[in-house]
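Residues per chain are reported as follows:
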Amino acid sequence: MIIKKHHRILIWLTAPCILLIVWLLTPVKTLKNEWSCILYDKDNTLLAATIAKDGQWRLPMGDEDTIPDKYKTCLMEFEDKRFRYHAGIDYLAMTRAFLQNINAGKTVSGGSTISMQVIRLSQGAKERNIANKLIEMMLASKLEIRHSKKEIIKLYTELAPYGGNVVGIKAASWRYFGRSPSDLTWAEAALLAVLPNAPSSIHINKNRETLKLKRNRLLKRLYLNGNISHETFNLAIEEEIPAKLTPFPNQNIHLLYRLKDKYPGKHVFHTYINEQYQNQAYRILDRYYKEFRKNDIHNAGGIIAETGTGNVVAYIGNTGLFDEDGQSVYVDMCAAKRSSGSILKPFLYAGMLCKGEIMPHSLVPDYPVRFGAYSPHNFNLRHDGAVPASKSIARSLNVPAVNLLKKHGIAVFIEDLENIGLTTINRSAGNYGLSLILGSAESRLDELCAAYASMGRRLMHFQKFNARYVNSDIHPLLFLYEEAGINPGITTNYNANARFDAAGIWYALEAMKDVKRPDDKGNWKYFNSEQAIAWKTGTSYGFRDAWAVGVTPDYTVGVWVGNATGEGRPGLIGIKTAAPVLFDLFDMLPAYDNWFKKPYDAMVKMPVCQQSGYLPNPHCPEVDSMWIPEAAYHFPPCPYHKLVHLNEDENYQVSASCYNIEKIKHRPVFVLPPAMKWYYRKSHPEYTGMLPWLPGCNAQNQDEVMQIIYPDDMAEIYLPVELGGEKQKVVFKAAHQDNDATIYWYIDDEYITSTKHTHTIGIVPDPGKHHLILTDDNGNRKAIRFFILKNKN
């Protein structure tokens, strides 16, 4: 194909124009800058910042950032007076600079516009010569076509160097003056306008007077131009140059690192943090931290979240950030996995109520038990024999909790905890064992706060949405505005996967509202608070972790105290260390006058045996009407009240076979099994239990007369061995309904001894299978088999 001559001429004329248009419309290539990560509170106040990967403090300007007019006025007066009018090149300034440089015989002025400086800063360090200046001019024109004046100013404020490793007005404003650019004074704005002109030679740490003179000359020009008043000018020139750099806020540095890891590539985080609450909470934890250090306890963490939303308003990841001798201060203890202690007990109580496995106040056994090699003990080393389930939670009793877990099932409880949001409970039931309820699992403070807040939220929403459950009630804590996209979908059916219903939650929170807890001497310790708080403490084995979590309709607060290294310390107990911090944090929050409403729509009103907490049997003498969870409707009747037949004096039991039937009197009696009775009487001296039988008139069930507490039938026992290799005695225990009864002990048909009042013996059986037999003077008999195993070498 032959192109005609005039067509070739047209192509030669139009091709450069097309190429020019394409070149102008192509974005300006710039260096890819590394950015600092920054954290804001709910009001866009800077809370923390991290240095960029390249070692520079370079803070991105977000949509919420407005470049202050003071700074723009100072910048354009100093760098580019005709910035609003030129198209990237100020030819008058270029001409002036050229003549000044000719007269001086050296480069004294560059004539660069702000647009040209953006090109130079964005292209990286290059030699300043005529060729590069021409390139800057061309690219500046291109920049003006591609961007508005507002965008160009923003680019400059992000890229301008301010000495050292400080880049951009935002970083400079915080490093030099400790505040946001929007709060700069005229003197401060002028200083930041002149500083990028020669940041390496003029700095607050050197040539301070030269820097001050440059700033004041600019302020005078602003005054002469009518930008500032004479009074403002006089005040501005009297302001001193800052003496040193100001560190960035970093009380929330743990939260910033947490969000940075969760959202890689994101640099600006807008949180729900309330700066006032954050600062108050930090001061409270810091005050306690200074006391804890005296006992070599070096770390603590705290969280405050809104119960209704899960929004975190204060987050203290650790203490000692500003101390030279702080230990492990950058470990985020709010997200660290730590031994849970007994902090999980309310979840077990709520879960069992929801399944109808217990009544709110039904009695739970509380006496020494052994499950294989595992033998739990209460913290105060005492036992009540039987205790209402609600009181076992309020007093954080270990033995009742283990008995409850055995009834509920370890695997079921693990599912409960997973459904309430605890991700750290991830081993098998066999691996955890019954000690799961006492601290064999690991928990995180943030997840515990989320779980307790979810319980409170679920209860409140049940009332708010007319006895309907909100599927999204149970969710993690929320830190960022963009995390709040949870759909509050409503369902008319109970969400079985959530496990916890409103009635079970309400009773769990009521049990937690009793703020009494036993201290290490067994006395009761009281916290007098003006407002109701449902709260729970926890202490891990070896005194390594102290927990306290509290819930109100408004806020959920959690505290952890300990050592990040895992070192235990005497006195590192939830009630002594974490609980006081918890209550001080609640005291700083706004007062409230409401409490969780009783969810009647999730309950049924039923008669309840006052003494046992069970549904009543016909022989329960005192019956109350109370609202109980719907699931408890078919709970078994009271097993402890029995109708007994007495003689005329009502001091012996009798039967029709041995006593005149016309003289027999009938009376209901509260009868506990022998082991429960033995310990129950110690805390209830008025309790009598079953009366003895009239001599010659014994018809009582032997299981109700005598009980072997330890060992269990078919138990396998290793003999304890002392350091010297000598075998220690195995302690066997029994109980009898009659406090004055004598029990006779036999092993393998050989008489061993007799006991009265306290039925405990210590023996050293040979390895092998044995037969233990107990009898009393009335011919009652109990027998079990047990095995003594050889100790492993």
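Report follows, based on the coordinates.

What counts, and where the lines are drawn
- Within every chain, residues take consecutive numbers counted from 1 along the sequence as written.
- For this predicted model, a pLDDT threshold of at least 70 governs which residues receive local features, and a threshold of 80 or more governs which side-chain atom pairs are given and counted, while totals over whole chains, interfaces and linings are taken from all residues.
- Side-chain metrics rest on all non-hydrogen atoms present in the structure, leaving aside hydrogens and water.
- Only protein chains enter the area calculation, which uses a 1.4 Å probe; residues under 20% of their type maximum are buried, those over 50% are exposed, and those in between are partly exposed.
- Under the DSSP-based scheme used, a helix requires at least four consecutive residues in state H or I and a strand at least two consecutive residues in state E, with every element numbered from the N terminus.
- Two strands qualify as a pair provided that DSSP identifies no fewer than 2 bridges between them.
- Interaxial angles span 0 to 180 degrees and are taken between N-to-C directions of axes, which are lines fitted to C-alpha atoms, for helices over the stretch in contact.
- Here a residue-residue contact requires only that any non-hydrogen atoms of the pair lie within 4.5 Å.
- Charge assignment in this entry is limited to Lys and Arg as positive and Asp and Glu as negative, and neither His nor the chain termini are counted.
- By convention in these notes, a salt bridge is any Lys or Arg side-chain nitrogen within 4 Å of a carboxyl oxygen on Asp or Glu.
- Any pair of nitrogen or oxygen atoms within 3.5 Å is treated as a polar contact; in protein, a donor-acceptor pairing is required on top of that, and neighbouring residues in sequence qualify only through side-chain atoms on both sides.
- Expected helix span is computed as 1.5 Å times (number of residues minus one).

Quick look at the pairing of strand β24 (residues 715-718) now. Residue alternation in β24 divides its side chains into a buried set, Ala715 and Ile717, and an unburied set, Glu716 and Tyr718. Pairing of β24 with strand β30 (residues 781-789) involves four bridges; the strand directions are parallel. Bridge pairing in β30 links Ala715 to Phe786.

What follows deals with the sheet that holds strand β5 (residues 268-270). Read across the open sheet, the three strands follow the order β2-β1-β5; overall the sheet is mixed. Edge positions in the open sheet fall to β2 (46-50) and β5, since each of these has one partner strand only. Direction aside, the axes of adjacent strands within the sheet are offset by 15° on average. Sheet analysis places strand β1 (residues 37-40) next to β2, joined by four bridges and oriented antiparallel. Residue pairing for β2: Cys37 is matched across the bridge by Thr50. This element, helix α11 (residues 253-262), spans β1, β2 and β5 of the sheet and lies at about 60° to β2.

This part is about the side chain of Lys536. By the element assignment, Lys536 lies in strand β16 (residues 534-539). No salt bridge is formed by the buried Lys536. Its closest oppositely charged neighbour is Asp514, at 12 Å. One polar contact links Lys536 to Ser396, side chain to side chain, over a distance of 2.8 Å.

The end-to-end C-alpha distance of helix α18 (residues 445-464) is 28 Å, a good match for the 28 Å that 20 residues give at a rise of 1.5 Å each. Counting buried positions over the 20 residues of α18 gives 17, a clear majority of the element. Within two residues after α18, Asn466 carries a phi angle of roughly 55°, on the positive side.

A cis amide bond links Tyr710 with the next residue in sequence, Pro711, at an omega value of 5°. Its place among the elements puts Pro711 in the loop between β23 (706-710) and β24. Of note in this structure, Ser396 is not a glycine but carries a positive phi near 55°. Within the secondary structure, Ser396 is located in the loop between α14 (389-394) and α15 (398-408). Using a relative accessible area of 12% as the deciding quantity, one classes Ser396 as buried. Look at Glu650: it is not a glycine, yet its phi comes out positive at around 55°. As for its position among the elements, Glu650 is in the loop between β21 (641-646) and β22 (665-670).

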